[in-house]
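# Structural characterization, general
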Amino acid sequence: DDKYEEGLAKTRSSFGERLNALFANFRTVDENFFDDLEEMLIEADVGYDMAVKLSDELREEAKLKNAKSSQDLAQVIVTKLVELYAAAGVNEDNSLHEATSGPTVYLFVGVNGAGKTTTIGKLAHQLEQTGKKVLLAAGDTFRAGAIEQLQEWGKRDGVPVVASAVGADPAAVVFDAVKKAKAEAFDILLVDTAGRLQNKVNLMKELDKIKRVISRELPEAPQEVLLVLDATTGQNALSQAKQFNETTDISGIVLTKLDGSGKGGIVLAIRNELHVPVKLVGLGEGMDDLQPFVPEKFAYGLFQ
Ligand code: GDP
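Calculation notes
Residues numbered from 1 in each chain as written. Predicted model: local features only at pLDDT ≥ 70, side-chain atom pairs only at ≥ 80, totals over all residues. Heavy atoms only, no water. UniProt positions renumbered as here; feature names shortened; annotations may be inferred. Axes fitted to C-alpha atoms, helices over the stretch in contact; angles between N-to-C directions. Helix = DSSP H or I, 4+ residues; strand = E, 2+ residues; numbered from the N terminus. Parallel < 35°, antiparallel > 145°, perpendicular 65-115°, else oblique. Left-handed = near helix turned anticlockwise from the far one by under 90°. Contact = heavy atoms within 4.5 Å. Nonpolar A, V, L, I, M, F, W, Y, C, P; charged D, E, K, R; others polar. Near = heavy atom within 4 Å. Polar contact = N/O pair within 3.5 Å; in protein donor to acceptor, adjacent residues only side chain to side chain. Salt bridge = Lys/Arg side-chain N within 4 Å of Asp/Glu carboxyl O. Buried < 20%, exposed > 50% of the residue type's maximum accessible area, 1.4 Å probe, protein only. Pairing = 2+ DSSP bridges. Expected span 1.5 Å × (residues − 1). Arc of directions from axis to C-beta.

The chain goes by Signal recognition particle receptor FtsY in an unreviewed UniProt entry, where it is assigned to Lacticaseibacillus nasuensis JCM 17158. The UniProt entry for the chain carries the following comment under Catalytic activity (unreviewed entry): "GTP + H2O = GDP + phosphate + H(+)".

This is the structure:
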């Protein structure tokens, strides 16, 4: 919980400070208040349509509840945010799925710099801590840096890494990793991939081939295809999400760098447009700064 609070401090301060300033400037809730609120939501990257919808609904709620002071409205806003998030996916499962037998496989996709390697490193550490036997695969064979970085995380976590030279076929690396995971009874295999959106057709082929290689050996796998997005890139993250979603089936989103973003509203925008659950959030660079996404905590974090 502390990590959540700490990590969201920046998002909270800019978003929450502005909300507080808004509250301070308006003794009574009037049209100007709602106009300013709408503008603030747009700037927080909630998305234009969502911002309009949210302020319209809040206007109604305020009338219904007879909320005359802006303070009364704070609770209404939090409740509404959580409601809106939940409404975008009924009965949705936020957890990371595991295999019923044999190794579990998670595939990580996303553009360079989004935080894929870091997320894999953190998750590997956390899984290790719970007693799981973890293996990593350096499926981003496009950049030497990506391979080295994953190997560094492997060393730090005390987890083996299957890697090949730059330019090798990523599916071949993944094939070796899956074989090893099966033969040596690993519980979980985390696969890094190169997210080159510049060439969507190639990316699609590459990801399809990787998935085929995995499911040939492990019919249930991959259990998760996780799209890693950098929250600080705001609307750009949303557009990446749309493009990846057209390229491959995404089972969940990891939203990184929420600690460095005043634009946490992107969570709602992604949710509203893609109907893909945010499963994990990155709240810093430390080992424990990767947390399951809890909508309630998130909404409260933003508006307190
Ligand atoms: P990749 O290219 O997608 O593998 O991205 P990296 O894992 O190399 O991450 C790019 C940069 O973002 C690195 O400097 C990471 O330390 C940093 N980073 C990743 N996740 C987070 C996060 O949740 N918070 C912060 N503050 N930095 C992060």
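Resuming the write-up.
Following both chains from N to C, one finds helix 10 (residues 235–247) and helix 11 (residues 266–274) inclined at 30°, their axes separated by 10 Å at the closest point. Taken together, the axes of helix 10 and helix 11 lie roughly parallel to each other. You can see that helix 10 and helix 11 cross each other, and the crossing is right-handed. Counting all contacts with helix 10, which are made through Gln 235, Leu 238, Ala 241, Lys 242 and Asn 245, the residues of helix 11 involved are Ile 266, Ala 269, Ile 270, Glu 273 and Leu 274. The residue inventory of the contact of helix 10 with helix 11, partitioned by class, reads six nonpolar, two polar and two charged.

Close contact between helix 8 (residues 170–183) and helix 9 (residues 200–217) brings their axes to 9 Å; oriented N to C, the two are set at 20°. What the angle tells us is that helix 8 and helix 9 run roughly parallel. Viewed along their axes, helix 8 and helix 9 form a crossing whose handedness is right-handed. Residues Pro 170, Ala 171, Val 174, Phe 175, Val 178, Lys 179 and Lys 182 of helix 8 form the contact with helix 9, whose participating residues are Glu 206, Lys 209, Ile 210, Val 213, Ile 214 and Glu 217. The class makeup of the residues in the contact of helix 8 with helix 9 is eight nonpolar, no polar and five charged.

We now examine the UniProt feature "domain: SRP54-type proteins GTP-binding" (unreviewed entry) in the chain. Here, the residues flagged by UniProt with the feature "domain: SRP54-type proteins GTP-binding" (unreviewed entry) are residues 277–290. The straight-line gap between the two end C-alpha atoms of residues 277–290 is 16 Å; of that span, 0% is helix and 43% is strand.

With that settled, the discussion passes to the site of the ligand. The immediate surroundings of the ligand are formed by 18 residues, with Gly 113, Thr 117, Thr 118, Asp 259 and Glu 285 found nearest. Ala 114 is positioned with one of its backbone polar atoms (N or O) 3.3 Å from an oxygen atom of the ligand. Within the backbone of Lys 257, one N or O atom sits 3.0 Å away from an oxygen atom of the ligand. Take the shell around the ligand: its biggest share by element is four residues, from helix 6 (residues 116–129). Each residue belonging to the shell around the ligand can be placed in one class, and the counts come to three nonpolar, nine polar and six charged.

Per the counting criterion, the structure on display carries 13 salt bridges. The partner of Glu 217 in a salt bridge is Lys 179, and the shortest N-O contact between them spans 3.5 Å. Placement of Glu 217 in helix 9 and of Lys 179 in helix 8 is noted, with a sequence separation of 38 residues between them. When its relative accessible area of 16% is taken as the criterion, Glu 217 is described as buried. Between Glu 184 and Lys 180 there is a salt bridge; the shortest N-O distance is 3.2 Å. Since its relative accessible area comes to 38%, Glu 184 is described here as partly exposed. Judged by relative accessible area, Lys 180 falls into the partly exposed class, the value being 27%. Look at the salt bridges and you will find they share partners, linking Asp 35, Asp 56 and Arg 59 into a network.

Moving on: the environment of Pro 170. Relative to the helices and strands, Pro 170 is located in helix 8. On the basis of relative accessible area, Pro 170 is assigned to the buried category, the value being 9%. Distance in space between the C-alpha atoms of Pro 170 and Leu 290 is 26 Å, their sequence separation being 120 residues. Aside from chain neighbours lying at most four places away, what touches Pro 170 is Gly 139, Thr 141, Glu 206 and Ile 210.

So, about the sheet that holds strand 4 (residues 188–193). In spatial order, the strands read 3-2-4-1-5-6-7-8; together these eight strands make up an open sheet with mixed pairing. Either end of the sheet is taken by a strand with one partner, and the two such strands are strand 3 (161–162) and strand 8 (290–292). Relative to strand 4, strand 1 (residues 104–109) runs parallel, the two sharing five bridges. Paired with Phe 108 across the strands is Asp 192, a residue of strand 4.

What follows is about helix 3 (residues 31–43). Between its first and last C-alpha, helix 3 extends 19 Å over 13 residues, near the 18 Å set by a 1.5 Å rise per residue. If you check which residues of helix 3 are buried, you get Phe 33, Phe 34, Leu 37, Glu 38, Met 40 and Leu 41. On an axial view of helix 3, the arc spanned by its buried residues comes to 165°, and they lie on one face.

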